[in-house]
Amino acid sequence: MLLIALWSSIGSTVGAQDEVLVLEWEQHWPTYGVGGTCNFGTHNFFVGDVDDDGVVELITGGMTYSGDYHNAGEVEAPFGIWNWDGENFTLEVYHTWKGVLSTIYAADLDADGKIEIITAGHVANSTTSYASIGIWSWDNKDLGLRSSLEGLSASSIHIGDLDGDGVAEILASGSIIRDDEVLARLSVLRWESEQLFLAKNYEWCAEGSASAKSVHVCDLDNDGVIEVITGGYDHRLTNSSGQLRIWQWDGEELVLKANEEWRLVKGVYGVTVTGDPMGNTLVENVKAGDVDGDGVSEILTGGFAFDGEKMNAQLRIWNWNGLNLVLEESYEWFIEDITEIKAIALDDVNGDGSLEILVSGGAAVYGGFDPDAKPEAAFLSVWGWDGDVLRLKAEEDWIVGEGVFAWNVDTGDVDDDGTVEIVTVGCMYISQLCDPDLRIWSLSASSDTTTSFPYILFAVAGTVTGALVAVVLYFFVRKRG
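Residues numbered from 1 in each chain as written. Predicted model: local features only at pLDDT ≥ 70, side-chain atom pairs only at ≥ 80, totals over all residues. Heavy atoms only, no water.

Trainee: An account of the sheet that holds strand 13 (residues 181-192) is requested, with residue identities and associated values reported.
Mentor: Within a beta sheet, neighbouring strands are joined by backbone hydrogen bonds and run either parallel or antiparallel to one another. The strand order across the open sheet formed by four strands is 11-12-13-14, and the pairing between neighbours is antiparallel. Each edge of the open sheet is held by one strand with a lone partner, namely strand 11 (156-160) and strand 14 (195-204). Strand after strand, the sheet turns through a mean of 30° between neighbouring axes, direction not considered. Sheet topology places strand 12 (residues 169-178) next to strand 13; nine bridges connect them, and they run antiparallel. Across the sheet, residue Leu171 finds its bridge partner in strand 13, namely Val188. (Pairing = 2+ DSSP bridges. Helix = DSSP H or I, 4+ residues; strand = E, 2+ residues; numbered from the N terminus. Axes fitted to C-alpha atoms, helices over the stretch in contact; angles between N-to-C directions.)

Dropping the structure here:
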């Protein structure tokens, strides 16, 4: 465990860790060592009972390939549904197609008491590829694609009943390439009579490049009106601003109610391990929940912010008062040159009745392709927020193979033992052979409560594993969106 100095732009205190993360299980894929699978994407994992059998499933996506792949046409999307009983990790169903699976969510869309699984990604054939969003069902026997919509890509999916008719709308966020510009996009979809269709599209871009990386739906101020929250970036990557937006449905359209943008330093940008522009400030993941127990949901954003030298991981806590976004806390830190939060989850993982903030990511150095460079390291951290103090309750970091980072984190009582587990999944690699390196964790009290202030963990972006994934994804996103 590394204890590393950190700093905060607002200056709140991080207290001593009094709990520890315990690794209960580590799972590799069948391709481990002979091919590759990578569960990339910060919303490409879901934990929940999706077939109503009383067993919590883990749903994974990403891309898979045989051997040392050399072109994107050989890549398949690995749609897997798994379960773990505390001793055995079981694959319930595994389905592939030519292409990639980029994001996963599951919910009861039509209020019939049964869960639908929503996926977004790309489908490829011998000549082209196209974006596709699909609605699936799984009854513990058959996995069926019930409806799909082609031509619409997404990096994040969430649902909410925007118009109060008892049927949920699907919110999909992402980006689209058009006329050499990258535009942020938020889409409203409906699923009716086994048909998925696009209801509304909203696009924006300030200076040639923008993206809505994450979307979440929540009644933030308990007034009965649902807010749609998007997080990402605007302006070109060489001067990108972190962006947080609040939208509301007026009966016919989503109306933009607030738009907040920020940077630590203007006019500069950080680079990836290959030296390409990575951005100035960017939000990878947004969640909402009452993390301080005041009866009102807070907004959590996670990503990175460049300080002129290093890429800092950035965790922010916001409040929506119905009129304005109010920043309650901003916490930045770096370990190596590149530090990034990839994913956030909220849950009570220690049984104390309050929501913990779970953050995953990794760390890397500039020039990470150099054989002598430090390997990437993944991290998982658990935080508490009482409205005044952001406290690091527990953290763990790890290195596997030649590098690893945790793209995704989610929670659930996956082994039915009455305790909520934390699950991370992402990508580790040896040469060009990747593996999702899924890990199941539990949180327990620490016997060592010695104060060591200040401290923090590992985080990452622009990593070697990210660069390997980017080579494949470029093939798909330059085609038809």
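Moving on from the coordinates now.
Trainee: Break down the layout of surface pockets for me, citing the residues and quoting the values.
Mentor: As a volume, the second largest pocket reaches approximately 400 Å³. Along the wall of the second largest pocket there are 24 residues; nearest its centre are Tyr105, His216, Lys287, Ile344 and Asp410. Elements that contribute at least two residues to the lining of the second largest pocket include exactly strand 3 (45-48), strand 7 (89-107), strand 11, strand 15 (211-218), strand 21 (281-289), strand 25 (338-347) and strand 29 (404-412). When residues of the lining of the second largest pocket are assigned to their parent elements, the largest contribution, five residues, is made by strand 25. Residues belonging to the lining of the second largest pocket are distributed by class as follows: 13 nonpolar, eight polar and three charged. (1 Å grid on protein atoms, 1.4 Å probe; cavity = no way out; pocket = protein on both sides within 12 Å on 5 of 7 lines; lining within 4 Å. Points joined across faces, edges and corners; volume = space filled by probe spheres on them. Nonpolar A, V, L, I, M, F, W, Y, C, P; charged D, E, K, R; others polar.)

Trainee: Summarise unusual backbone geometry; cite the residues concerned and give the values.
Mentor: For Asp52, which is not a glycine, the phi torsion comes out positive at approximately 55°. Tracing the backbone through its elements, the reader meets Asp52 in the loop between strand 3 and strand 4 (57-60). Since its relative accessible area comes to 67%, Asp52 is described here as exposed. (Buried < 20%, exposed > 50% of the residue type's maximum accessible area, 1.4 Å probe, protein only.)

Trainee: Before we move on, can you summarise the sheet that holds strand 15 with the specific residues and values?
Mentor: Overall, antiparallel pairing links the four strands, which are arranged 15-16-17-18 in an open sheet. Lying at the two open borders of the sheet, with one neighbouring strand each, are strand 15 and strand 18 (254-262). Each adjacent strand pair in this sheet contributes to an overall mean axis angle of 20°, direction not counted.

Trainee: Describe the side chain of Ser442, listing the residues and the values that go with them.
Mentor: Residue position: Ser442 is located in strand 32 (residues 438-445). Look at Ser442 and you get buried, because its relative accessible area is 11%. A distance of 2.7 Å separates a polar atom in the side chain of Ser442 from a polar atom in the side chain of Glu24. The residues contacting Ser442, other than those within four sequence positions of it, are Val20, Leu21, Val22 and Glu24. (Polar contact = N/O pair within 3.5 Å; in protein donor to acceptor, adjacent residues only side chain to side chain. Contact = heavy atoms within 4.5 Å.)

Trainee: Residue-level account of the pairing of strand 16 (residues 227-234), with values.
Mentor: Of all eight residues making up strand 16, eight are buried, and the element is well covered by its neighbours. Side chains of strand 16 alternate between two faces, with Glu227, Ile229, Gly231 and Tyr233 and Val228, Thr230, Gly232 and Asp234 buried alike. Pairing of strand 15 with strand 16, which is carried by seven bridges, proceeds in the antiparallel orientation. Across the sheet, Val217 pairs through a bridge with Val228, a residue of strand 16.

Trainee: Quick rundown of the nonpolar core? Include the residues and the values.
Mentor: Of all hydrophobic cores here, the largest spans 32 residues; its most connected members are Ile117, Ile118, Ile133 and Ile170. Of all the secondary structure elements, the ones that give two or more residues to this core are strand 6 (76-84), strand 7, strand 8 (116-124), strand 9 (129-138), strand 11, strand 12 and strand 13. For this core, the element with the most residues is strand 7, which contributes seven residues. Not counting residues up to four positions away in its chain, the partners in contact with Ile170 are Leu109, Ile118, Ile135, Ile157, His158, Ile159, Ser187, Val188, Leu189 and Leu196. Within the second largest apolar cluster, 29 residues are counted, among which are Ala378, Trp398, Ile422 and Trp441. (Core = buried A, V, L, I, M, F, W, Y, C linked by side-chain atoms within 4.5 Å.)

Trainee: Tell me what's going on with the confidence of the model for the protein, and back it up with residues and numbers.
Mentor: Averaged over all residues, the pLDDT of the protein equals 89, while 88% of them reach at least 70. In this model, residues 449-462 is a region of pLDDT below 50 whose contacts with residues beyond four sequence positions or in other chains number 73 contacts. In the model, residues 474-481 has pLDDT below 50 throughout and makes 22 contacts with residues more than four positions away in sequence or in other chains. (pLDDT = per-residue confidence, 0-100.)

Trainee: Residues and numbers for the side chain of Ser240, please.
Mentor: For Ser240, the location among the structural elements is in the loop between strand 16 and strand 17 (241-249). Classification of Ser240 by relative accessible area gives buried; the value is 0%. One polar contact links the side chain of Ser240 to the main-chain amide nitrogen of Asn280, over a distance of 2.8 Å. Setting aside anything within four residues of it in sequence, one finds Ser240 in contact with Tyr233, Asp234, His235, Arg263, Gly279, Asn280 and Thr281.

Trainee: Just give me the short version of the packing of aromatic side chains, but keep the residues and values in it.
Mentor: Scanning the model with the defined rule gives 15 aromatic pairs in all. Measuring from centroid to centroid gives 6.4 Å for Trp25 and Phe89, while their planes differ by 10°, and the two rings are stacked. Taken together, the positions of Trp25 in strand 1 (residues 19-27) and Phe89 in strand 7 put the pair 64 residues apart, joining distant regions of the chain. Of the residues examined, Trp25 reaches a relative accessible area of 23% and is grouped as partly exposed. Each ring, one from Trp262 and one from Trp318, has its centre 5.1 Å from the other, and the planes form 50°; the classification is tilted. (Phe/Tyr/Trp six-rings, centres within 6.5 Å; stacked < 30°, edge-to-face > 60°.)

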